[in-house]
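# Examining the three-dimensional arrangement
The residues making up each chain are set out below.
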Amino acid sequence: MVKSKSSTKAGKVSRTLCFPLQTSEDIERLEQCVKSSADIKRQYEQILQYFLQKTPLKPAFALLHIFTEAALADYNFSGHCNYTRDKKRAMRNYVIFTSCIESAWDKMLPAEIRGRAIRDVIALVGNRKHLVKAHKSKDPNRDGMFITVSVETNKTDAYTIKFPIESEENVEMLEEWVKLSDNVRQRYVDYLGAVMKQGKSIGAVFGYIFSDAAMYSYNYSGICNRGPRRKAMLGYAIFTECMLEAWKDHGVNETVLRDSLTLIIKQINGRKRNRKYFQKRRANRDIMQMEDADPDSQIIENN
């Protein structure tokens, strides 16, 4: 909690800001208080440090312990929205989103990750708005219905999941089950750990987990300069928390994971373009061969 004071005719009025902040009005008040009080600025930076310690590999998730998604709805980094054309409040102009984060996390995170934290949390919030969740609460009696992945056979008592996952639908299903069942989550993490032993990099083993076709609707941030909006992998436990947990002993941290997934998606898109190109070229070649053929030609045998 942060306590602020404001002047009225009757004197000083104290108001407490409770985290996570629930509204944009709370964010604006925090910004004013931090600018006007060195003590409140210090308290806020301590809160930033506290929640980053809770989620050391996920600064975007740390920020969601401080600001709710509803409170951040009217904000983005630049103030411009390419999708809705709505005007947003530019976070780059707020000390609570810039200099305070830089100061609080200076010795806790590399500069590159600190600089991306605000953009990542906005991408995460935006992606969650587009996700359709079939279940909103966890039912502790439903574990028997879910996939429990066996590293050796990938089989369960009720269902079977076959890796690599071949469709977007099954990606979404795995994400849902991982969130609803601790048992499924642990077995998925175990499977990730097992496949990493077969390769030396994330790129070398990713194909054992997800096929190219399953990933066509995804990229790391959800932002796509060309074509439709993508689903942001950074908002999925199966692409972030689970992989970080499974591969931490292989030197995989948030930066390594982000860079690897970004490169993997780039390569998948490249292979997709190549396949389309060669399919089109084969189709054109077949058309040309049909046009060159003489349907009335006959083979004449000389006796």
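Criteria and thresholds
Residues numbered from 1 in each chain as written. Predicted model: local features only at pLDDT ≥ 70, side-chain atom pairs only at ≥ 80, totals over all residues. Heavy atoms only, no water. Salt bridge = Lys/Arg side-chain N within 4 Å of Asp/Glu carboxyl O. Helix = DSSP H or I, 4+ residues; strand = E, 2+ residues; numbered from the N terminus. Buried < 20%, exposed > 50% of the residue type's maximum accessible area, 1.4 Å probe, protein only. Core = buried A, V, L, I, M, F, W, Y, C linked by side-chain atoms within 4.5 Å. Domains from an automatic or database assignment. Contact = heavy atoms within 4.5 Å. Phe/Tyr/Trp six-rings, centres within 6.5 Å; stacked < 30°, edge-to-face > 60°. Lys NZ or Arg CZ within 6 Å of the ring centre and 35° of its normal. Polar contact = N/O pair within 3.5 Å; in protein donor to acceptor, adjacent residues only side chain to side chain. pLDDT = per-residue confidence, 0-100.

Turning our eyes to something else, we now look at the pattern of salt bridges. Where charged atoms from two side chains of opposite charge approach closely, those side chains can pair. Scanning all chains against the criterion turns up 15 salt bridges. When the shortest N-O distance is used, the salt bridge between R185 and E241 registers 4.0 Å. Residue R185 is located in helix 7 (residues 182-196), and its partner E241 is located in helix 9 (residues 241-247); the two are separated by 56 residues in the primary sequence. The class for E241 is partly exposed, based on a relative accessible area of 25%. Among the ionic pairs, R185 bridges to E245, the shortest N-O distance being 2.7 Å. With R185 in helix 7 and E245 in helix 9, this pair connects stretches of sequence that are 60 residues apart. Salt bridges linked by common partners bring E102, D106 and R114 together as one network.

Core analysis: the biggest nonpolar cluster contains 80 residues, and F67, Y188, F210, F239 and W247 have the highest contact counts within it. Each of domain 1 (24-133) and domain 2 (146-290) accounts for three or more of the residues forming this core. Once residues lying within four places of it in the same chain are set aside, the contact partners of F239 are V171, F206, F210, M215, Y218, M233, L257 and L261.

Along the backbone, E241 and V189 are 52 residues apart, and their C-alpha atoms lie at a distance of 9.3 Å. With near-sequence residues (within four places) excluded, E241 lies in contact with K58, F61 and R185.

All told, the structure shown has 11 aromatic pairs when counted by the stated rule. An angle of 65° between the planes, with centres 6.1 Å apart, marks the rings of Y75 and F97 as edge-to-face. You can see Y75 sitting in strand 3 (residues 75-76) and its partner F97 sitting in the loop between strand 4 (89-90) and helix 4 (99-104), a full 22 residues away along the chain. Look at Y75 and you get buried, because its relative accessible area is 2%. With a centroid separation of 5.4 Å and an interplanar angle of 40°, the aromatic rings of F206 and F210 are classed as tilted. Taking the relative accessible area as the measure of exposure, F210 reaches 1% and is therefore buried. Cluster of aromatic residues (ring-pair linked, three or more members): F206, F210, Y218, Y236 and F239. A cation over an aromatic ring shows up here: R119 above the ring of F77, its NZ or CZ 3.8 Å from the ring centre. The positively charged end of K272 is found above the aromatic ring belonging to Y216, 4.3 Å away from the centroid.

A few words now on the side chain of N219. Relative to the helices and strands, N219 resides in strand 5 (residues 218-219). Polar side-chain contacts of N219 include one of 3.3 Å to the backbone nitrogen of S221. Within polar-contact distance, the side chain of N219 engages the backbone oxygen of I223 at 2.9 Å. Aside from chain neighbours lying at most four places away, what touches N219 is C224, R230, K231, A232, M233 and I265.

What follows deals with the confidence of the model for the protein. Residues of the protein with pLDDT of at least 70 account for 74%, and the chain-wide mean is 79. Segment residues 6-13 is flagged for pLDDT under 50; beyond a separation of four residues in sequence, or across chains, it makes seven contacts in the model. Confidence over residues 297-303 falls short of pLDDT 50; this stretch has zero contacts with residues more than four positions distant or in other chains.

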